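In case you want the letters, here they are:
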Amino acid sequence: MPRAFAGAARFLRSVHDDRQTTMFRDQAIETIRRSELERLQLKRLQDTVRCVAERVPFYQQKFAELGVKPEDIRSLADLRRLPFTSSADLRANYPTGLLAVPYDDTLRLHTSSGTTGKPKALFFSRQDVDNAAELCARSFVMTGVTKKDVFQNMMTYGMFTGALVTHYGAEKVGCLVIPAGPGNSERQLMLMQDFRTTFIHLTPSYALYLATFLEKHGVDPRRDLALRKAFVGAEPYTEETRRKIEQGLGLDVYNSYGLSEMNGPGVAFECGQKHGLHLWEDHFLIEIIDPQTCEPVRDGEAGELVMTTLCREAMPLLRYRTRDITSIITTPCPCGRTHRRLNRITGRSDDMLIVRGVNIYPQQIERVLMAQSGVGRNYLIALEGLDEMTVKVELAEAGFEGQVEQLMKLQNHLAEKLRAEILVKPQVQFLPPGSLPVSEGKAKRVIDNRKL
Ligand code: AMP
Ligand code: ZN
């Protein structure tokens with residue numbers, strides 16, 4: 001290439017790089033003054049309420065029952081006058097009952113994962129698809145991702161939002177995207193080696209499995225791979241699990257949160273501080289309520305996250321009850337972003353187990369297990385008989401095979417530690433590494449066969 005052209009090409013590339021990295025690190029919106037943000041939120045809330053009052057019979061009926069009209073929403077505090085929306089409402093209005101645009105103007109359909117029966121149908125307009133990708137791009141760039149990065153997406157492709165939304169987000173940043181999907185760890189390893197993957201997106205359970213796989217195959221990720229970051233989400237996990245993944249894969253883990261009803265991933269991600277997830281408040285209004293009374297909890301207290309969409313066209317949702325339990329970090333983030341942070345989601349209010357009259361979240365058990373040396377990366381909580389709980393957990397690779405006395409001691413020690421955490425003493429059962437089923441999507445951590 002002639003020198004003059006080479007210089008111009010270099011210049012253009014650097015302009016392009018700058019644009020790619022700054023376009024999504026939209027300082028203006030990420031560090032917007034709270035007063036300005038609230039003005040923007042109010043305007044968007046009023047537009048959303050007007051839109052559903054005109055176009056969605058479900059909300060028309062709810063507004064009529066509550067005697068509320070769009071012009072009653074004069075401040076953000078008036079949000080509380082609006083009706084809640086539940087996942088049961090989404091199912092009852094399946095497939096198109098909550099659409100706010102003509103069917104012809106929808107561009108993509110996703111469904112949410114989970115329970116049996118009809119799924120929740122979630123529609124996206126062209127603008128919704130673009131916004132979802134934009135929020136993911138914003139979240140990736142927040143942790144330092146640039147177009148030079150190579151993204152191997154290990155989330156499940158298909159109806160689930162987890163893979164597609166981050167896929168388009170990373171493409172927006174300009175990354176090379178490898179749509180690997182989960183599982184087939186031999187192939188994952190080959191792709192990571194051959195294409196020098198720098199960041200991945202996956203569930204905590206698959207991340208733990210992948211770490212074990214690499215160890216078993218003598219791969220030292222720090223030496224043999226280019227991996228720098230993992231965005232880990234789609235299911236709850238603990239700080240202890242984050243540390244295990246970071247050690248096992250030799251990278252930084254950033255918590256990523258989203259749900260299909262609110263676009264999918266990109267709703268709230270961690271910044272470089274790795275302490276709490278910035279929830280993008282220019283797109284969503286958040287409340288934390290007591291799931292029993294539906295009243296707001298005090299600042300910083302834990303409760304159920306409730307979200308209202310501010311920019312969604314195809315399916316705006318008012319005060320959607322996520323069932324996810326979390327709290328808001330009340331102090332500003334040292335990174336300078338003004339969008340508030342959520343603490344790690346500790347579980348779903350419907351994940352709560354009641355064992356011998358005590359309320360228990362599986363995350364409490366995970367925290368104890370993952371902090372214990374000698375214990376491996378996979379576990380299962382089995383509820384049987386008349387309220388008996390057995391915690392089945394794999395031993396670490398360098399386990400205690402043959403050392404019966406030591407094993408018994410550790411079993412007892414763990415059972416006592418669990419009792420201190422959950423107030424119920426379970427049976428602890430150790431299993432050889434690799435013996436529990438591994439899920440590629442969301443892990444099934446509880447089997448409830450009680451005859452109560
Ligand atoms: P889906 O709509 O199928 O994508 O599932 C969304 C649900 O997955 C959320 O409501 C949460 O219960 C869970 N989830 C997603 N990301 C996280 C995360 N980072 N931590 C804990 N739970 C998560
Ligand atoms: Zn921050």
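What you see is a predicted model; the values in this text were computed from it and never measured.

Rules used throughout
- Sequence order as written defines the numbering, with residues in each chain counted from 1.
- Here chains are named by letter from A upward and ligands by number from 1 upward, in the order in which they appear as written.
- Since the coordinates come from a predicted model, pLDDT governs what is reported: local features require at least 70, and pairs of side-chain atoms require 80 or more to be given and counted, while whole-chain, interface and lining totals use all residues.
- Only hydrogens and water are removed before side-chain values are computed, so all heavy atoms of the structure are retained for them.
- Secondary structure elements follow DSSP: runs of H or I no shorter than four residues count as helices, runs of E no shorter than two count as strands, and numbering proceeds from the N terminus.
- In this description the radius of gyration comes from C-alpha coordinates, and the expected globular size is given by 2.2 Å times residues to the power 0.38.
- Note on exposure labels: buried denotes an accessible area under 20% of the residue type's maximum, exposed denotes more than 50%, and partly exposed covers the range between, all computed with a 1.4 Å probe on protein chains only.
- Every residue pair with non-hydrogen atoms within 4.5 Å of one another is taken to be in contact.
- The accessible surface values rely on the Shrake-Rupley method and a 1.4 Å probe; as for residues, cover is taken only from the protein chains in view.
- Two residue types count as positive, namely Lys and Arg, and two as negative, namely Asp and Glu; His and chain ends fall outside the count.
- Where a charge lies is defined by one atom per residue type: Lys uses NZ, Arg uses CZ, Asp uses CG and Glu uses CD.
- Two rings from Phe, Tyr or Trp (for Trp, the six-membered ring) form a pair when their centres are within 6.5 Å of each other. A pair whose planes differ by under 30 degrees is stacked, one over 60 is edge-to-face, and the rest are tilted.
- To sit over a ring, a charge needs its Lys NZ or Arg CZ within 6 Å of the ring centre and within 35 degrees of the ring normal.
- Any residue with an atom within 4 Å of a point lines the site, the site being either a cavity, points on a 1 Å grid over the protein atoms alone where a 1.4 Å probe fits but cannot get out, or a pocket, an open set with protein on both sides within 12 Å along at least 5 of 7 lines.
- Grid points are joined across faces, edges and corners, and a volume is the space filled by probe spheres set on the points.
- Polar here means any residue outside two lists: the nonpolar Ala, Val, Leu, Ile, Met, Phe, Trp, Tyr, Cys and Pro, and the charged Asp, Glu, Lys and Arg; Gly therefore counts as polar.
- In this analysis, strands are considered paired if DSSP registers two or more bridges between them.
- A crossover gets the label right-handed when its path from the first strand over the helix to the second runs clockwise, viewed with the strands pointing away from the viewer.
- Keep in mind that water is not among the atoms, so a site may look incomplete; donors are the N, O and S atoms within 2.8 Å of the metal, or 3.2 Å for Na, K and Ca.
- Counted as a polar contact is a pair of N or O atoms within 3.5 Å, where, for protein atoms, one must be capable of donating a hydrogen and the other of accepting one, and residues adjacent in sequence contribute only when both atoms are in side chains.
- In this analysis, axes come from line fits to C-alpha atoms, helices being fitted only over the stretch in contact, and the angle between any two N-to-C directions falls in the range 0 to 180 degrees.
- For classification, angles of less than 35 degrees are called roughly parallel, those exceeding 145 degrees roughly antiparallel, those between 65 and 115 degrees roughly perpendicular, and all remaining angles oblique.

A.B. asks: Could you give an account of the overall build of the chain, with specific residues and numbers?
C.D. replies: In terms of helices and strands, the chain carries 13 helices and 21 strands. For 452 residues, the compact-globule estimate of 2.2 N^0.38 gives 22 Å, and the C-alpha radius of gyration of the chain, at 23 Å, lies within 12% of that figure. Considering only C-alpha atoms, the chain reaches an extent of 75 × 70 × 40 Å along its principal axes. For the chain, with 452 residues in total, the buried portion stands at 53%. Here the analysis covers contacts within the chain between residues at least 6 apart in sequence; of these, 67% occur between residues at least 24 apart. As displayed, the chain has an accessible area near 20600 Å², and 51% of this comes from carbon and sulfur atoms. Charge centroids of the chain, computed over 60 positive and 56 negative side chains, lie 3 Å from each other.

A.B. asks: Can you explain the packing of aromatic side chains? Please cite residues and give values.
C.D. replies: Evaluated as defined, the whole model comprises twelve aromatic pairs. Each ring, one from Tyr103 and one from Phe123, has its centre 6.0 Å from the other, and the planes form 70 degrees; the classification is edge-to-face. One end of the pair, Tyr103, is in the loop between helix H5 (87-92) and strand E1 (106-111); the other, Phe123, is in strand E2 (residues 121-125), with 20 residues separating them in the sequence. You can call Phe123 buried: its relative accessible area is 6%. Among the aromatic side chains, those forming a connected cluster through ring pairs are Phe140, Phe151, Phe199, Phe231, Tyr254 and Phe269. We note Arg138 situated over the ring of Trp280; from NZ or CZ to the ring centre the distance is 4.7 Å.

A.B. asks: Before we move on, can you summarise empty space enclosed by the protein with the specific residues and values?
C.D. replies: Scanning the entire structure with this criterion turns up two cavities of 30 Å³ or more. Reported here for the largest cavity is a volume of approximately 40 Å³. Every residue along the wall of the largest cavity is listed here: Asp128, Asn131, Asn263, His283, Phe284, Thr309, Leu310, Cys311 and Arg312. Roughly 30 Å³ of volume is contained in the second largest cavity. Taken together, Leu90, Asn93, Tyr94, Pro95, Thr96, Gly97, Leu98, Leu99, Ala121 and Met315 make up the lining of the second largest cavity. When the residues that make up the lining of the second largest cavity are grouped by side-chain class, the tally is seven nonpolar, three polar and no charged.

A.B. asks: So what's going on with the pairing of strand E3 (residues 150-153)? Residues and values would help.
C.D. replies: Residues Val150 and Gln152 line one face of E3 and the alternating positions Phe151 and Asn153 line the opposite face, and both faces are buried. Sheet topology places E3 next to strand E4 (residues 176-178); three bridges connect them, and they run parallel. Bridging across to E4, Phe151 finds its partner in Val177. A crossover links E3 with its parallel partner E4, the connecting element being helix H7 (residues 161-173), and its sense is right-handed. Direction of pairing for E3 relative to strand E5 (residues 199-202): parallel, over a ladder of three bridges. From the neighbouring strand, Gln152 faces E5, where its bridge partner is Ile200.

A.B. asks: Just give me the short version of the environment of Arg39, but keep the residues and values in it.
C.D. replies: Within the element layout of this structure, Arg39 appears in helix H3 (residues 34-55). Spatially, the C-alpha atoms of Arg39 and Thr331 are 21 Å apart, while their sequence positions differ by 292 residues.

A.B. asks: Tell me about the coordination of the zinc ion (ligand 2), and name the residues and values.
C.D. replies: Octahedral six-donor coordination of a metal ideally yields angles of 90 or 180 degrees, compared with 109.5 degrees for tetrahedral four-donor coordination. Looking at the metal site, the zinc ion (ligand 2) is ligated by Cys271 (SG), His278 (NE2), Cys333 (SG) and Cys335 (SG), spaced 2.1 to 2.3 Å from it. All donor residues of the zinc ion (ligand 2) come from one chain, and their arrangement in sequence is C-x6-H-x54-C-x1-C. Here the residue His278 occupies a position in strand E9 (residues 277-279), and Cys335 occupies one in the loop between strand E13 (328-329) and strand E14 (341-342), the gap between them amounting to 57 residues.

A.B. asks: Run through the environment of Lys172, naming residues and quoting values.
C.D. replies: With respect to the element layout, Lys172 can be found in helix H7. Here Lys172 falls in the partly exposed class, since its relative accessible area comes to 23%. Between the C-alpha atoms of Lys172 and Ala314, which are 142 residues apart in sequence, the distance is 22 Å. Side chain to side chain, Lys172 and Asp130 meet in a polar contact 3.2 Å long.

A.B. asks: Lay out the packing of H3 against helix H4 (residues 57-66) with the relevant residues and their values.
C.D. replies: For the pair H3 and H4, interaxial distance at closest approach is 6 Å and the crossing angle is 100 degrees. In terms of orientation, H3 lies roughly perpendicular with respect to H4. Contact residues: Val49, Val52, Ala53, Glu54 and Arg55 in H3; Pro57, Tyr59, Gln60 and Phe63 in H4. Here the residues of the contact of H3 with H4 sort into six nonpolar, one polar and two charged.

A.B. asks: Which residues make up the sheet that holds strand E6 (residues 229-233), and what values go with them?
C.D. replies: Across the sheet, nine strands lie side by side as E4-E3-E5-E6-E7-E8-E9-E14-E13; this open sheet has mixed pairing. Taken across any chain shown, the strands that pair with only one partner, and hence form the sheet edges, are E4 and E13. Against the sheet, H7 contacts E3, E4, E5 and strand E8 (264-270), and its axis sits at roughly 170 degrees relative to E3.

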